[in-house]
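# Observations on the three-dimensional arrangement
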Amino acid sequence: MKVQIVLAGIGGQGILFSSKIFSELGLRLGLDVMGSETHGMSQRGGSVTAHLKLGGYQSPMIRTDTADILYSFEEKETYRTLRFLRRAGTCFINLLSEDRFDKKILDHLKKKEITLRAYDASGAASKIGSILTANIMLIGYSVGTGLVPFRHEDLRCVLASVSKKKDLKMNLKAFDSAVREGRSSLNPL
Amino acid sequence: MAEKETRILLGNAAIARGLVEAGCHVVTSYPGTPSSEIIPAVVEYKKELGLNTYIEWSANEKVAFDNALAASLTGKRSAVAMKQVGLNVASDSLLSSAYTGVIGGMVVISCDDPGPLSSQTEQDSRFFAMFAKVPAYDPSTPQEAKEMVKEAFELSEAYQIPVILRPTIKVSHAKQSVKISPVKVLDRKADFKKDPERWAATPKYRFVLHKKLNEALKKIEERFEQESRWNYEVKASRDAPLGIITCSVSFAVLMDILEELDLKKEINIFKVGTPFPLPQKRVADFIERHKRVLVMEETDSVIEYQIVDKSKVLGRLTGHIPLQGELTPDVIYDILARVLKEMGMADLEKSGDERLAKLIEDLNIDVRRPTLCAGCPERAAFFAIKRALPRAIYSSDIGCYTLGLNLKAVDTVLDMGAGITLASGFYHAYHQDENDVPIVATMGDSTFYHSGPASLLNAVYNKARFVLVIMDNEITAMTGMQPTPGSGITAEGSKGEKISLEELIKGCGVRWIKTIDPYDVENLIVLLKEARKYTQKRDGGIAVIVARHPCLIRYPDVCRENPVKVVITSDCDGCQYCLDYFECPALYLNEEKDRVEIDRNFCVDCGVCIHACPKGAIIPV
Ligand code: SF4
Ligand code: SF4
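Position numbers for residues count from 1 along each chain, tracking the sequence in the order it is written. As they are written, the chains are lettered A onward and the ligands numbered 1 onward, keeping that order. Local features in this predicted model are restricted to residues of pLDDT 70 or higher, and side-chain atom pairs are both shown and tallied only at a pLDDT of 80 or more, whereas totals for entire chains, interfaces and linings draw on every residue. For side-chain calculations, the full set of non-hydrogen atoms in the structure is used, while hydrogens and water are omitted.

### Considerations on the overall build of chain A
Think of it this way: any DSSP run of H or I at least four residues long counts as a helix, any run of E at least two long counts as a strand, and we number them from the N terminus. Helix and strand counts for chain A stand at seven helices and six strands. Helices (α) and strands (β) of chain A occur, in sequence order from the N terminus, as β-α-β-β-β-α-β-α-β-α-α-α-α. Our radius of gyration is a C-alpha quantity, and the globule rule it is checked against amounts to 2.2 Å times the number of residues to the power 0.38. Relative to the globule expectation of 16 Å for 189 residues, the C-alpha radius of gyration of chain A, 15 Å, shows essentially globular dimensions. Pairs of residues are marked as contacts when any of their non-hydrogen atoms sit within 4.5 Å. Taking the contacts inside chain A whose residues are at least 6 apart along the sequence as the reference set, 63% of them involve residues at least 24 apart. Only the protein chains shown count as covering a residue, and every accessible area follows the Shrake-Rupley method with a 1.4 Å probe. For chain A, the computed accessible surface area is about 7700 Å², with 53% contributed by carbon and sulfur atoms. Within chain A, one finds 28 positive and 19 negative side-chain charges whose respective centroids are separated by 2 Å. In this tally, Asp and Glu contribute negative charge and Lys and Arg positive charge; neither His nor the terminal groups of the chain are included. A single reference atom marks each charge: NZ on Lys, CZ on Arg, CG on Asp, CD on Glu.

Structure follows, in structure tokens:
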């Protein structure tokens, strides 16, 4: 497998934790892992972006038009990072619904065969008991939809191994619940 | 631990791993992006593996350099880590020690910041290698950085010379699955062999040392010519008219792009891992075999300048590579597209989606600029300064508080320590014309320990007058929470000797020193006005206020001790004064109601904003 992932959000949303999940996933699957994160100034409430490249890349940065998947934890940050996504790529946004997304851009993305899925990860995370799990839930949701090449069991194991002891139960609960939501989103009632 | 275990490591952690794998005995550093994670990673390895490494956060980079150098003079292996501008501070020691040399291997890690993303310059540390006449290694990936560290120690010992490792930010902050090797424990006892002719060389003997240095460099160049591990060709499968000489992360980026575009078979690559001294023969031979050779390197043109015959060379000097900025994948793609086109080799698709870019531009999304955290004591201090002395010249310094820019309470940021030196310079320039202007210098505690005392005692000695506010948050916050001498905690988390900021200031000759919690905005305003008066009194002088309140991120519990919950009443008329001049991230405009509200997810109940609203609409519950 060769896959390039962009994670976007703002400081404090767990971008670095999410990036850790994917890099450890790569390690577990025996893939070469390369990636980069923004540090420094950007941590003071500014934009945070992480790039992750699994399966035999040399550089830690993703070129415009080449990312396979974009996870965005905030609507505005999506617009800022959309350019990385390739034709026919996939994008998951932490957003109430797709209708909230800019209509013109949505149409344009459709023309590029880009799949965009909105999931209210923040809402779901608050409901489950910890807003801090929103990042995990967005990832879980994507796995549930089957639109990404990651297996539920693999990610779950990795999540368990990187979670702090005190967060472990909550993280897994949030993750599993989001995977279920992702699955059921495929068969609307 | 398995022989060839693989771990996900940050570039800086891989460098730290290289240090322990090489058996390095002493590691020193002053924190600075992008180098700050090296020391904490060494501390972790020390704990994990039960090593005896001596690790220190030093007061500044020169201090760090000298401490590491001394260890090497006793025969031990040592390393010093810093960001690129830190090497400016340590350059005096670097240049001198290139002459006197080392005994145990010494590696100088200087992390560059093309962009710049978090620095005041884009300077290229490899120029310092040339300037000081010491060899430099230039890694492309974390894995390579780790291996180069080990090799650098060998080279350093073989030629008794300090060696520079120059990772750029995208190596230091890259994450990679890195194969780790066993750790070496070198049993060396400190054994300084006196040799005053060398270690205390007079100018006359310095000439001899310089000659020896030049001879060593020549030999190192020859060794680099033979070097196939770091300097190697990636050959095209057919005759290639175009060759590219490249190094650092640019090499990695280029390889990914060539792979993606299936162009590997068309272009020969010469990857240089030792940019100084440049393996001249191999470079010349490579150029010889091509019609044109593109030299692609970050951040400046160190390899390009060294190339003797540039007639076939394309690079910065021919305008093919931008003179400033990071060589991101997009930039490298565009450079490649242009060169391939000029040579009639290929016509690459234009990168980027213009339509998408236009649609996004039309959304007019405001860029989220970095700002001080909600409840940051430095915001409170800046706000009080603006209130008390609105017409002052504000000289500031490097740290989180540089963000005081947003509050319009920062007029200058030059380098570490310049908050004080520029203030005294401003004073004398105006005073010469018999003009009395208010000047307020601001500086953080860590920056003060780094380079404050010499600046301050100079200002006192030369009778400058200004107000200095030292924002003491008891930590080096900007670079990721490293302890300061004032916290009395060492790099390893153990107890060191606590340095008293007030006594230090007193020792610099300052006679007016007051300490206050900046959350007490009203009294801080009074104190600032008093301080200003003192600078105007006949027998007055420099007035120093220590605004002490711990960093919220580092010490969240201290801040929760006396919460002041606030609400915004219906008196708020949406004037947005608080947003523009106070800028707490917890305050936001509710556009529907045209009123400011508090985002409880961010608010830390500091209560400082009570003072920010001119309408008195923000009140305690
Ligand atoms: S809270 Fe006060 S300063 Fe802020 S917008 Fe309302 S009235 Fe203006
Ligand atoms: S109390 Fe006011 S200044 Fe303090 S964090 Fe909350 S909104 Fe910001």
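### Quick word on the overall build of chain B
Broken down by element type, chain B carries 21 helices and 22 strands. In summary, chain B has a C-alpha radius of gyration of 27 Å against a globular reference of 25 Å for 621 residues, a match within 12%. Only protein chains enter the calculation, and the probe is 1.4 Å; a residue is then buried if its accessible area is under 20% of its type maximum, exposed if over 50%, and partly exposed in between. With 621 residues in all, chain B has 58% of them scored as buried. Here the contacts in chain B between residues at least 6 apart in sequence split such that 76% fall between residues at least 24 apart. Element-wise, carbon and sulfur atoms account for 52% of the exposed surface of chain B, whose accessible area totals about 25900 Å². Charge-centre separation for chain B: the mean point of 76 positive side chains lies 4 Å from the mean point of 85 negative side chains.

### Structural notes on the pattern of salt bridges
All names here are of chain B. Salt bridge criterion: a side-chain nitrogen from Lys or Arg within 4 Å of a carboxyl oxygen from Asp or Glu. What the rule picks out here adds up to 55 salt bridges over all chains. Among the salt bridges present, the one from R126 reaches E297, with a minimum N-O distance of 3.0 Å. Remark: E297 occurs in the loop between β12 (292-296) and α12 (302-306) and R126 occurs in helix α5 (residues 125-132); sequence separation between them is 171 residues. Across the pair, E297 and R126 agree in class, each one buried.

### Re the sheet that holds strand β18 (residues 543-548) of chain B
Each strand in a sheet pairs with another by means of backbone hydrogen bonds, the pair being arranged parallel or else antiparallel. Residues and elements named next belong to chain B. For two strands to count as paired, DSSP must find a minimum of two bridges between them. Taken in spatial order, the five strands of this open sheet run β14-β15-β16-β18-β17, and their pairing is parallel. Looking at strand neighbours, the two that pair on one side only are β14 (393-395) and β17 (512-516), the edges of this open sheet. Shown here is a sheet whose adjacent strand axes are inclined to one another by a mean of 20°, direction ignored. Two strands pair when backbone bridges link them, and strand β16 (residues 467-472) and β18 are joined in this way by six bridges, in the parallel orientation. Note that in β18 the partner of V467 across the bridge is A543. Helix axes are fitted only over the stretch in contact, all axes being lines through C-alpha atoms; the angle between N-to-C directions runs from 0 to 180 degrees. Running over the sheet, helix α15 (residues 377-388) touches β14, β15 (439-444) and β16 and is turned about 165° from β16. Across the sheet, helix α17 (residues 445-461) lies against β15 and β16, angled at about 130° from β15, the strand it touches most.

### Some details on the pairing of strand β11 (residues 268-271) of chain B
All names here are of chain B. Here β11 shows a buried face lined by N268 and F270 and a second buried face lined by I269 and K271. Both strand β9 (residues 232-234) and β11 contribute to a ladder of three bridges, which runs antiparallel. Looking at the pairing, E233 lines up with F270 of β11. As paired elements, strand β10 (residues 242-246) and β11 share four bridges and run parallel to each other. Bridging across to β11, I244 finds its partner in I269.

### So, the sheet that holds strand β13 (residues 313-314) of chain B
Residue and element names in this part refer to chain B. Reading across the sheet, the five strands line up as β9-β11-β10-β12-β13 and stay open at both edges, with mixed pairing between neighbours. For this open sheet the edge positions go to β9 and β13, each flanked by a neighbour on one side alone. Of the strands in this sheet, β10, β12 and β13 are in contact with helix α13 (residues 329-342), which crosses β12 at around 170°.

### Remarks on the nonpolar core
Residue and element names in this part refer to chain B. Take the buried Ala, Val, Leu, Ile, Met, Phe, Trp, Tyr and Cys residues and link them wherever side-chain atoms come within 4.5 Å; each set so joined is a nonpolar core. Residues L19, F65, I109, Y137, I244, M296 and L336 are the most contacted members of the largest nonpolar core, which totals 93 residues. Annotation comment: domain bounds sourced from an automatic or database domain assignment. Of the residues that make up this core, three or more belong to each of domain 1 (6-226) and domain 2 (232-363). Excluding its chain neighbours within four sequence positions, the residues that come into contact with I244 are L254, I267, N268, I269, F270, F286, L294, M296 and L336. Within the second largest apolar cluster, 81 residues are counted, among which are F382, L407, A441 and I505.

### Digging into the packing of aromatic side chains
Residue and element names in this part refer to chain B. Any two of the Phe, Tyr and Trp rings considered here, Trp counted by its six-membered ring, make a pair once their centres fall within 6.5 Å; the pair's planes then place it as stacked at under 30 degrees, edge-to-face at over 60, or tilted in between. Using the criterion set out here, one finds 14 aromatic pairs over all chains in the structure. Ring plane angle 70° and centroid distance 5.7 Å describe the contact between Y137 and F224, whose orientation is recorded as edge-to-face. Remark: F224 occurs in helix α9 (residues 203-226) and Y137 occurs in strand β6 (residues 136-137); sequence separation between them is 87 residues. Owing to a relative accessible area of 0%, Y137 belongs among the buried residues under this scheme. The class for F224 is buried, based on a relative accessible area of 0%. A centroid spacing of 5.3 Å and a plane angle of 85° characterise the contact between F383 and F582, whose relative ring orientation is edge-to-face. With F383 in helix α15 and F582 in the loop between α21 (577-581) and β20 (587-590), this residue pair connects regions lying 199 residues apart in the sequence. When its relative accessible area of 4% is taken as the criterion, F383 is described as buried. The class for F582 is buried, based on a relative accessible area of 2%.

### Notes on the site of ligand 2
In the vicinity of ligand 2, the residues found are A374(B), G375(B), V566(B), F582(B), C584(B), A586(B), L587(B), C603(B), V604(B), C606(B), G607(B) and C609(B). Amino acids are sorted into nonpolar (Ala, Val, Leu, Ile, Met, Phe, Trp, Tyr, Cys and Pro), charged (Asp, Glu, Lys and Arg) and polar (every other residue, Gly among them). Considered class by class, the residues forming the shell around ligand 2 number ten nonpolar, two polar and no charged. Proximity is defined per residue: any heavy atom of the residue falling within 4 Å of a molecule or strand makes that residue near it.

### Focus on the interface of chain B and chain A
With 48 residues of chain B in contact, the opposing surface of chain A contributes 44 residues. Regarding the contact of chain B and chain A, the summed buried area is about 3900 Å², with carbon and sulfur atoms giving 61% of it. The interface formed by chain B and chain A contains five salt bridges. In this structure, D330(B) and R83(A) form a salt bridge, with 3.1 Å as the shortest nitrogen-oxygen distance. Here a polar contact means two N or O atoms within 3.5 Å. Within protein one must be a hydrogen donor candidate and the other an acceptor candidate, and residues neighboring in sequence count only if both atoms are side-chain atoms. Here chain B and chain A share 14 residue pairs in polar contact (both at pLDDT 80 or more) between them. As used here, buried area is the combined drop in accessible area, with a 1.4 Å probe, of two parts when they are placed together.

### Topic: the domain arrangement of chain B
Structurally, chain B comprises domain 1 (6-226), domain 2 (232-363), domain 3 (377-559) and domain 4 (563-620). For domain 1 of chain B and domain 4 of chain B, the distance between their C-alpha centroids amounts to 49 Å.

### Concerning the pairing of β20(B)
Every other side chain in a regular strand lies on the same face of the sheet, so the side chains alternate between the two faces. Residues and elements named next belong to chain B. Of the pairings in the sheet, the one linking β20 to strand β21 (residues 595-598) comprises four bridges and is antiparallel in character. Looking at the pairing, N590 lines up with R595 of β21. Hairpin remark: β20 followed by β21, antiparallel, with four residues in the connecting loop; positive phi at D594, about 50°.

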